[in-house]
Amino acid sequence: MSDRVSAEARSEKFGQSEGEGIIRCDACPVLCRIRPGRAGACSRYANEDGKLVRTDPALALAHAVETGAPLVAFADGAWDGKLLDPGRAFVTGVGAGTTYPDYKPAPFIVGSTHDGVDTVTVVTEGMFSYCGVKVKIDTDRHLGPEAAAVRCKGEQVGHVTTAEYGSQMLSLGGVRHLTGGSKREGVVTCETLLALCAAEPVTLTIDGGHEVVVQAGRAPVVDGVEERRMRVGCGSAAVGIFAQQWLGHADEVIVVDDHITGVLSEHQAGKVLGMRATGIRVRGRRSTPGRYFQVAKPGLGWGGTDVTDPLSIIESIDPKLAWPGLRLLMTSTTGDHAAWFVLDEALRPVPAEMPAAVRVVVERIGENCEPSLCSVLFMAGAGGSLRAGVTENPVLLTRAVAAGEVRVTMGGAPAYLWPGGGITVMADVLRFPGKAFGYVPTPALVAPIEFTLPRALYAQLGGHMDEIVPVEELLRGLGDQLRVEGWIPGNPWPFAR
């Protein structure tokens, strides 16, 4: 067994003895002085009998050959190299440790062979001051004005960004909130990011807007009400989708929407179907025929507007075109709100019982809405420590990553690489293993990251070749400092061609 991967050697990578059993941990810039039996400020390192140890073991993910195949824990001493093929074990950055200060090689540089190719995976945990999350909230409810401050516990932790189709978007974290404001702002921002990355619920408030509880993979809760549906489309899209199904059952349909309200008889869909003009004009700014902007203010009412009475958006009814008995349906983009009216002799809309055929189409709007969910994507830039831990000439790694020659994963999860300079990555927090994120009180988030590439290319990049450890040797050497979990379904196998 190589002493490079023994528990003792792993401890010695970080920390300096200062007498009386105290260890100065240099795994991050905080440089905690840790007394025996105590842990550092981040709770990731502890002093155990005068040795600096990780409080969480390193994580390897085992990719079973067949679904349901048993996993054998390496740490129980029973693994003999045959019960589980090390070629199907992926050592992640979770629990690996960091490369601070920058000149240190990555904690694990793992050698293995896949499909006849000698491969290296550089494994580390990154300390990310330049990091944050992008939050997608599936709802047509208005959460707050664009660029409004998003707060947690009263501190600004981000802002509202541009809305997407059927979703509100938040940008949270980033170096300005982590380090550029008050100490409390940095601490709260770090706590918020850590909770969101762990798929825990976080209550946020938006200046000039509303309160929303965000949790990855769960429905948002807006002002105490859980959202159910993501809209089928804007009002114009809903008109186009269901126009044929309303034909013959309604004379006019208005789909109320904060962005684009649709009016069926004016819309191109109504024209193609030969629908008669009704003379019903809605408020707002007319765009192309049958499409209206700014019919009301944003809010939590019909179609993401502040409308509670749908008739309030009707500006006028032309007596030259409208007629008594005209059948009018007004609905929202999710079908959550719908009302049926019939014009009386004075051409006033009078509430009436909605016909069954019309109700079926309204229900179909809801059926076509996807469930409302929150998505949280961790985003970070890999800088000095990370790249220096891989190679002595970091720009070569950056270029190789950009060229697609190096596969980047985060705890085994696939990472999207942003084009352009640097190594800026983004990954879905639900595709990470459990307990993948940590923090250091600088403050910064700690997250796993792995770089996988052919051994020959690693040599060309100026990699730390002397630090490569065969995967079999590493797995045995970690002993009880290793935990094994199954591969996360849906994540691509990093060694696949």
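This write-up is about the structure you can find in this document.

Conventions used here
- Residues numbered from 1 in each chain as written.
- Predicted model: local features only at pLDDT ≥ 70, side-chain atom pairs only at ≥ 80, totals over all residues.
- Heavy atoms only, no water.
- Helix = DSSP H or I, 4+ residues; strand = E, 2+ residues; numbered from the N terminus.
- Buried < 20%, exposed > 50% of the residue type's maximum accessible area, 1.4 Å probe, protein only.
- Contact = heavy atoms within 4.5 Å.
- Areas by Shrake-Rupley, 256 points an atom, 1.4 Å probe, with all protein chains shown as cover.
- Lys, Arg positive; Asp, Glu negative; His and termini not counted.
- Charge placed at Lys NZ, Arg CZ, Asp CG, Glu CD.
- Pairing = 2+ DSSP bridges.
- Axes fitted to C-alpha atoms, helices over the stretch in contact; angles between N-to-C directions.
- Salt bridge = Lys/Arg side-chain N within 4 Å of Asp/Glu carboxyl O.
- Phe/Tyr/Trp six-rings, centres within 6.5 Å; stacked < 30°, edge-to-face > 60°.
- Lys NZ or Arg CZ within 6 Å of the ring centre and 35° of its normal.
- Core = buried A, V, L, I, M, F, W, Y, C linked by side-chain atoms within 4.5 Å.

When helices and strands are counted, the protein shows 10 helices and 35 strands. Taken along its principal axes, the extent of the C-alpha atoms in the protein is 95 × 50 × 40 Å. Looking at the 497 residues of the protein, the share that counts as buried comes to 51%. Long-range pairs, those at least 24 residues apart, make up 67% of the contacts in the protein between residues at least 6 apart in sequence. For the protein, the accessible surface area stands at approximately 21500 Å², while carbon and sulfur atoms represent 51% of it. Counting 47 positive and 56 negative side-chain charges, the protein places the centres of these two groups 4 Å from one another.

If you trace the 7 strands from one edge of the open sheet to the other, you get S21-S22-S19-S18-S24-S25-S26, paired in mixed fashion. Across the chains shown, the open sheet's two edge strands, defined by having one partner strand only, are strand S21 (285-286) and strand S26 (349-351). Relative to strand S24 (residues 327-332), strand S18 (residues 252-256) runs parallel, the two sharing 5 bridges. Looking at S24, one finds that Ile254 is bridged to Met330. Seen against the sheet, helix H4 (residues 235-246) touches S18, strand S19 (261-263), strand S22 (291-293) and S24 and runs at an angle of roughly 30° to S19.

The next subject is the pattern of salt bridges. The tally for this structure, following the rule as stated, stands at 13 salt bridges. Between Asp26 and Lys104 there is a salt bridge whose closest N-O contact spans 3.6 Å. Of this pair, Asp26 sits in the loop between strand S2 (23-24) and strand S3 (33-34) while Lys104 sits in the loop between strand S7 (89-91) and strand S8 (108-114), and the two are 78 residues apart along the sequence. A salt bridge links Arg151 to Asp207, with the nearest nitrogen and oxygen atoms 2.9 Å apart. With a gap of 56 residues between them, Arg151 in strand S11 (residues 149-152) and Asp207 in the loop between strand S14 (202-206) and strand S15 (211-214) connect regions that are remote in the sequence. Owing to a relative accessible area of 32%, Asp207 belongs among the partly exposed residues under this scheme.

One pass over the structure, following the stated rule, counts 9 aromatic pairs. Ring geometry for Phe90 and Trp487: centres 6.0 Å apart, planes at 90°, overall edge-to-face. Taken together, the positions of Phe90 in strand S7 and Trp487 in the segment after strand S35 (482-486) put the pair 397 residues apart, joining distant regions of the chain. Residue classification places Trp487 among the buried residues on the basis of a relative accessible area of 12%. Members of the aromatic cluster, each reached through a chain of ring pairs, are Phe90, Trp487, Trp493 and Phe495. The ring centre of Tyr165 lies 5.2 Å from the NZ or CZ of Arg231, which sits over that ring. Across from the ring centre of Trp323, 3.8 Å away, lies the NZ or CZ of Arg276, which sits over that ring.

On to the nonpolar core, then. Judged by nonpolar contacts, the single largest core of 68 residues is most densely connected at Leu170, Leu172, Leu204, Val214, Phe378, Met410 and Phe451. Not counting residues within four places of it along the chain, the set of residues in contact with Leu170 comprises Val133, Lys134, Val135, Ile137, Val150, His159, Val160, Thr161, Leu204 and Ile206.

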